[in-house]
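# Residue-level structural notes
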Amino acid sequence: MEKTITKVPSQIVSSCERNLRSSTSSDQLKPTGNLSSFSLQTQFLNSNNLSPPSLLSLCLGNIGCNLEEIIDHLSDLAPALPSHIKLVLFAIARRRKLLGDVVLIALADSSWEIVDLSGSDVSDSGLHYLVDVCQNLKAIDISDCSRLTAAGVSKLLQHCHSLETLRWGGCSRSEHIAHECLSLLKPKLTDTVGESWEELDASELALGTESLRWLIWPKIEKSTHELMALECPKIMINPKSSLLGHRGKQVPREALLQYALDDPLVENIDPKTWAVQGFSVSLRSPLLPVVDSNEISIAEKFRLAFLERDARLAPKRAKNARQHQRRSEREWMMRDSKAKASALASKAVKSLNLKNI
């Protein structure tokens, strides 16, 4: 006996598919207890990769385009925002070169575990505030932060006991700070009586960066790299992505140089949001400004500056030349007796003429 197959109308099928998609996306947006806080921060952006972009992404992009207008009011607005929304605004501010102490203090949240400060204007006071607020910080990028000093980085390394990934170096000042704070990465022993490392207890090692496992330092010298590998074998420096991992360990995404730490947060945000200030999009987040074709070249700037300086100093040079000429004439008259006599005679004639008048 043959079975009859009932044909379902296409309208009902399409309606069921829409309901299934909406229910699936809503289930993905519900946070579960076994997810980390950073996955909660990025889940709402990664859960829906369909086009067109979501209303939330469009709103965040619009806010990001006008972020400089609300910076002064961020401290009043931020308490009402969820932590992942604040982290997205934080990433947009960094890309727009608006990230400083004011923005950091206004947006910092205790649930943050991964923070990207690269290329920002954050100073020691802002970094201290971040360390005090974010107690569970696991990865941070402080590369190309020219306003940070060794004092701020030292507090970061000594108080963030859960820090696993550190990115630093870049500009000349950041490289200098990295060398100054290098000793904080090395383990310090409080008891050296034992004959081997195996006999040492965990409490006999100085606290600070014992949780650090990944160090991203692109400009590290070869000698420093070899010394760190010898004295800090637990810290992997500049790991490479591989199917086999790095030294048998799976390399986390935060430890790969080709990715910015906050890239997952802005995947669904229009890149024009941070291009409003003249930035060009690239893989690394400290973005370079676009060079205007109408801008005067450096050689032309030097030429114009030289002409301006030459015109400004021309009267002074003429005055110096006249003084030098008069000085030379006086010296010549003092050396030549005839010239001296003629000069005295001319003076006498002038004095007689004045008397006659």
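Refer to the preceding data block for the structure.
As the structure is a prediction and not an experimental result, all values here were calculated from the model. (Residues numbered from 1 in each chain as written. Predicted model: local features only at pLDDT ≥ 70, side-chain atom pairs only at ≥ 80, totals over all residues. Heavy atoms only, no water.)

### Side note on unusual backbone geometry
Despite not being glycine, Asp144 shows a phi value in the positive range, around 60°. For Asp144, the location among the structural elements is in the loop between β2 (139–141) and α8 (150–159). Judged by relative accessible area, Asp144 falls into the partly exposed class, the value being 30%. Positioned with a positive phi, Asn238 is a non-glycine residue whose angle comes to about 45°. (Helix = DSSP H or I, 4+ residues; strand = E, 2+ residues; numbered from the N terminus. Buried < 20%, exposed > 50% of the residue type's maximum accessible area, 1.4 Å probe, protein only.)

### Things to note about the packing of aromatic side chains
Tallying each qualifying case throughout the model produces two aromatic pairs. Pairing Phe90 with Trp112 gives two aromatic rings, centres 5.1 Å apart and planes at 65°, and the pair type is edge-to-face. With Phe90 in helix α5 (residues 83–95) and Trp112 in the loop between α6 (101–107) and β1 (114–116), the pair connects residues that are 22 residues apart, well separated along the chain. For the pair Trp168 and Trp217, a centre-to-centre distance of 5.6 Å together with 75° between the ring planes defines the contact as edge-to-face. Placement of Trp168 in the loop between β3 (165–167) and α9 (172–180) and of Trp217 in the loop between β4 (214–216) and α10 (222–231) is noted, with a sequence separation of 49 residues between them. For the pair formed by Trp168 and Trp217, the shared burial category is buried. (Phe/Tyr/Trp six-rings, centres within 6.5 Å; stacked < 30°, edge-to-face > 60°.)

### With respect to the packing of helix α3 (residues 55–65) against α5
At a minimum axis separation of 10 Å, α3 and α5 run at an interaxial angle of 45°. Judged by the inter-axis angle, α3 sits oblique to α5. The crossing of α3 and α5 is right-handed. On the side of α3, the interface is formed by Leu56, Leu60, Ile63 and Gly64, while α5 contributes Ile85, Val88, Leu89 and Ile92. Residue classes in the contact of α3 with α5 are distributed as seven nonpolar, one polar and no charged. (Axes fitted to C-alpha atoms, helices over the stretch in contact; angles between N-to-C directions. Parallel < 35°, antiparallel > 145°, perpendicular 65-115°, else oblique. Left-handed = near helix turned anticlockwise from the far one by under 90°. Contact = heavy atoms within 4.5 Å. Nonpolar A, V, L, I, M, F, W, Y, C, P; charged D, E, K, R; others polar.)

### As for the sheet that holds β4
Overall, parallel pairing links the five strands, which are arranged β1-β2-β3-β4-β5 in an open sheet. The sheet terminates laterally at β1 and β5 (236–237), the two strands that pair on one side only. Bridge count between β3 and β4: three bridges; the pairing is parallel. Bridging from a neighbouring strand, Leu166 pairs with Leu215 of β4. (Pairing = 2+ DSSP bridges.)

### Digging into helix α7 (residues 124–133)
For α7, the set of buried residues is Asp124, Gly126, Leu127, Leu130 and Val131. The arc enclosing the buried residues of α7, seen along the axis, measures out at 160°, which places them on a common side. Next to the buried residues of α7 lie α6, β1, β2 and α8. (Arc of directions from axis to C-beta.)

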